[in-house]
Amino acid sequence: MKQKIQDKFASLYGEGGVLYASAGRINLIGEHTDYNGGYVFPGAIDKGIMAKLKVNGTSKVRAYSLDYNEEVEFGLNEEDAPSQSWARYIFGVCRETAKRGGKVEGFDTVFAGDVPLGAGLSSSAALESCFAFAINDIFSNDFNLFELAKIGQSTEHNYCGVKCGIMDQFASCFGKQGCLIRLNCKTLEYKYFPFDPEAHGYKLVLIDSCVKHELASSAYNKRRESCERAARAIAKLHPEVEYLSDAKRVWLEEVRTQISEEDFLRAEYVIGEVQRVLDVCDALERNDYETAGEMMYQTHFGMSRLYEVSCEELDFLNRIARKCDVSGSRVMGGGFGGCTINLVKKELYDNFISVARARFTEQFGHEPKVYDVVISDGARRAE
Ligand code: ADP
Ligand code: MG
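Everything numeric here is computed off the predicted structure, so don't read it as measured data.

Asks: Requested: an account of a negative patch on the surface, with residues and values cited.
Replies: A contiguous patch of negative charge, built from Glu71, Glu73, Glu78 and Asp80, is present on the exposed surface. Mapped onto the fold, aspartate 80 is located in the loop between strand E5 (70-75) and helix H2 (85-99). Take aspartate 80: its relative accessible area is 62%, and that puts it in the exposed class.

Asks: For the site of ligand 1, give the residues involved together with the corresponding values.
Replies: Every one of the 16 residues lining ligand 1 counts as a neighbour, but Asp67, Ser85, Gly118, Ser123 and Ser124 are closest to it. With respect to ligand 1, the backbone of tryptophan 86 contributes an N or O atom lying 3.3 Å from an oxygen atom. Contact with the protein chains covers 81% of the free accessible surface of ligand 1, which is 570 Å². Per-class residue counts for the shell around ligand 1 are 8 nonpolar, 7 polar and 1 charged.

Asks: Can you break down the packing of helix H3 (residues 123-138) against helix H5 (residues 167-174) residue by residue, with the values?
Replies: The description of two packed helices rests on the angle between their axes and on the distance between the axes. One way to put it is that H3 packs onto H5 with a least axis distance of 9 Å and a crossing angle of 55°. Judged on the interaxial angle alone, H5 and H3 are oblique. In the packing of H3 onto H5, the handedness of the crossing is right-handed. Contacts between H3 and H5 involve Ala125, Ala126, Glu128 and Ser129 on the former and, on the latter, Asp168, Gln169, Ser172 and Cys173. Here the contact of H3 with H5 is built from residues that sort into 3 nonpolar, 3 polar and 2 charged.

Reading the values: the criteria
Residues numbered from 1 in each chain as written. Chains lettered and ligands numbered in written order. Predicted model: local features only at pLDDT ≥ 70, side-chain atom pairs only at ≥ 80, totals over all residues. Heavy atoms only, no water. Patch = residues over 30% accessible without salt bridge, like charges linked within 9 Å, V, L, I, M, F, W, Y side chains within 5 Å. Areas by Shrake-Rupley, 256 points an atom, 1.4 Å probe, with all protein chains shown as cover. Salt bridge = Lys/Arg side-chain N within 4 Å of Asp/Glu carboxyl O. Lys, Arg positive; Asp, Glu negative; His and termini not counted. Charge placed at Lys NZ, Arg CZ, Asp CG, Glu CD. Helix = DSSP H or I, 4+ residues; strand = E, 2+ residues; numbered from the N terminus. Buried < 20%, exposed > 50% of the residue type's maximum accessible area, 1.4 Å probe, protein only. Near = heavy atom within 4 Å. Polar contact = N/O pair within 3.5 Å; in protein donor to acceptor, adjacent residues only side chain to side chain. Nonpolar A, V, L, I, M, F, W, Y, C, P; charged D, E, K, R; others polar. Axes fitted to C-alpha atoms, helices over the stretch in contact; angles between N-to-C directions. Parallel < 35°, antiparallel > 145°, perpendicular 65-115°, else oblique. Left-handed = near helix turned anticlockwise from the far one by under 90°. Contact = heavy atoms within 4.5 Å.

If you want it as structure tokens, here you go:
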């Protein structure tokens, strides 16, 4: 990828330029906790975006996407964002940088990536954080990694129509090889924890069901409302509860008769999930990957039966993982499709993948995709 970028850059824009890279991300555990003020536990992966940039002395950006084989030119002062979706991310990052008082002038860039699009690995965050980091560096702005993550998030909000939280851009900017990052979504405090499955005899692998059920956005809003109702009911007795994640399990029990059975189950999942993130962090500090894996199964159970955001394909993959003695497996992301994330002992890996592939294909008529991931560095200079 690097060589292709170098060659294309030389042929289009000549000598010079600096290489930057950023990463997609996984989230080991902590799902549907972000909007409840709880923890997430993501890390950057060894799949990302790489870009070469060079200041060109004009007020225009010339960008070439190697993966789309397409060049786009836009002025930094133009009102309208480019129509090509990939270019809107770059345009958005430029605008959001300028909005915060950063310097942005014209530059030339060639970039490429290897994060599968729309698979739940956040290729868009990889793209945003690569350019946010690169622009910050070449124009000697002084934004910290948090501000760079927010530039990416605002790009999604204001230029791409995606009202996302901060996790993806956060992980993509802050990621470190061999570490996951526990982020408190309420206070934005974060802490690195060691996570190096390879060194302990495990692999981390995603199995993409390649389905996306169209329930996702309406169900998402309903889940949020359930959580808010449960939190309000608890807050009447415990005013310190601002978000559901502030509540203890026994407090939920106290309001059991005041909320619907459905809201109760949703809240039970969220409160359990916040605790599971803490438990996984403790386990990893002891290099106890088996306990971490077991928590992943509990999360899957919760997402499937209590929060009800799984689907047939994902439950199927989860059951196969159990049967193949995979240490941990769960649906990753919002649900209703996408990937399972699996922590598997190296010696069981080949069997698991071949069984999962064959059985899934037999059952659903199409092959799942398999992505090995290694926890890696986030946004950086790549030379
Ligand atoms: P994801 O879940 O992977 O973030 P999104 O739909 O949010 O999926 O983002 C995918 C979009 O990001 C693509 O449609 C494209 O515009 C942009 N993108 C991601 N990777 C690349 C790449 N390698 N080259 C060009 N654009 C990319
Ligand atoms: Mg995205």
